[in-house]
Amino acid sequence: MAHIFREYGEAYRSTHTLCAPQRRVMQAIEDCRTAALGGHLEACDHCGAEVARYHSCRNRHCPKCQTMAKERWVEARCAELLPVPYFHLVFTLPHEINPLAQGNPKVIYSLLFQAASNTLQTFGRDPKWLGGEIGITMVLHTWGQNLSQHLHVHCLMTGGALGPEGQWIAPKRGFLFPVRALSIVFRGKYLEALKESFEAGKLDFAGETTALAEPSAFRAFLTKLRAKDWVVYAKRPFGGPKDVLAYLGRYTHRIAITNERILACENGEVRFRWRDYAHGNKVKVMRLPVEEFIRRLLLHVLPKGFQRIRHYGLLANRYRTEHLAACRAALDAPTPAPADPETLEAFLSRVLGTDPNRCPHCGEGRLRPVRLLPRLPRATGPPLLRWAT
């Protein structure tokens, strides 16, 4: 991905209107682990060979910088797992909303979190189903396998709830909630919130959404969406804590496409692997002009400061510690012992499977820091805009 941006990024920026976050992501990926970000020089204490190590950009959209962030995040979640089943649900927005999301990503994504979490908590608090407070972790994804817009949230939910008397309430059936009913309530909550956002003047309209600025047109738009069946998908509960952690690591820090899926970039065309879920999950190869590949990729850049991982109910940040203690008391489960913080060297050895400080030249010596490598100056681009539509 960095190669594609370095080769074609400047031409793309000069011919397309981009927002500030999109420009920052392109620049960060281009600069990641290069002299542009500086670094430090290390020397082997055995053979004297020198190795330059450049800093990472740490951008959450960068394919090189997600492994450590994912591992650290999953490690922190280990202490929050309860000895109960966990369910995986997915709430998806209709594709008709995609153009509106391109000009109003923060509003559209926030409403998705709001409607999905409110729907699950409504069912969780209903005595017909559980009658208590559930715990939910939600992760926003905006892409499909072919990099098109596919707005949805993955939800990891406790298989049970904390009751008003401090008791743990397990599911009464082999499933939590009826999916059909979830989708109807989700659709109603989202469209009502979208209507309120329009009436409050929180939506911007440009390009193909310009006509929706008229109240009559927006009402017709909502009517069309209300007539559709919205998709809520529920998987079987996870088998145990290890399966839950595997899920978390797979979804929480995923980006639109990894470097491993990109096969080649040549003659102005990008080839990458994708999985066609509509036709038997077959793995296929897609070819896109570089310009279209970059356009699709930048659709999935999040607004600055937008939180794509959120917690609700028992796991809400403000009362998480108190709620989890009450859950463990109800389940007669011990409080997990605090884990000793892992050193960076140990972490890299575990994740990469190699010793990061062993000399790559002689294989015997250890690399020791010698001196800092300063950042190289970087040219500035054209003025930044608020958001691209």
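Residues numbered from 1 in each chain as written. Predicted model: local features only at pLDDT ≥ 70, side-chain atom pairs only at ≥ 80, totals over all residues. Heavy atoms only, no water.

Q: Run through the layout of surface pockets, naming residues and quoting values.
A: Empty space among the atoms can be located by rolling a probe the size of a water molecule over them. Space inside the second largest pocket adds up to approximately 1200 Å³. What lines the second largest pocket is a set of 41 residues, and nearest its centre among them are W143, Q145, Y251, R254 and Y277. Contributions of two or more residues to the lining of the second largest pocket are made by α3 (66-77), β3 (86-92), β4 (135-143), β5 (149-158), β8 (231-234), α8 (241-251) and β10 (269-276). A per-class count over the lining of the second largest pocket returns 13 nonpolar, 18 polar and 10 charged. (1 Å grid on protein atoms, 1.4 Å probe; cavity = no way out; pocket = protein on both sides within 12 Å on 5 of 7 lines; lining within 4 Å. Points joined across faces, edges and corners; volume = space filled by probe spheres on them. Helix = DSSP H or I, 4+ residues; strand = E, 2+ residues; numbered from the N terminus. Nonpolar A, V, L, I, M, F, W, Y, C, P; charged D, E, K, R; others polar.)

Q: Just give me the short version of unusual backbone geometry, but keep the residues and values in it.
A: With a phi close to 55°, N267 is a non-glycine residue in the positive phi region. Mapping N267 onto the fold places it in the loop between β9 (262-266) and β10. Among the residues examined, N267 registers a relative accessible area of 79% and is labelled exposed. For N281, which is not a glycine, the phi torsion comes out positive at approximately 60°. Inspection of the secondary structure assignment puts N281 in the loop between β10 and β11 (282-289). (Buried < 20%, exposed > 50% of the residue type's maximum accessible area, 1.4 Å probe, protein only.)

Q: I'd like a rundown of the side chain of T137, residues and numbers included.
A: Turning to its location among the elements, T137 is positioned in strand β4. In this structure the side chain of T137 is engaged in a polar contact, spanning 3.1 Å, whose partner is the side chain of H311. The contacts of T137, once residues within four sequence positions are left out, are W73, H154, C155, L156, I309, R310, H311 and L315. (Polar contact = N/O pair within 3.5 Å; in protein donor to acceptor, adjacent residues only side chain to side chain. Contact = heavy atoms within 4.5 Å.)

Worth remembering: the numbers are spatial, not functional.
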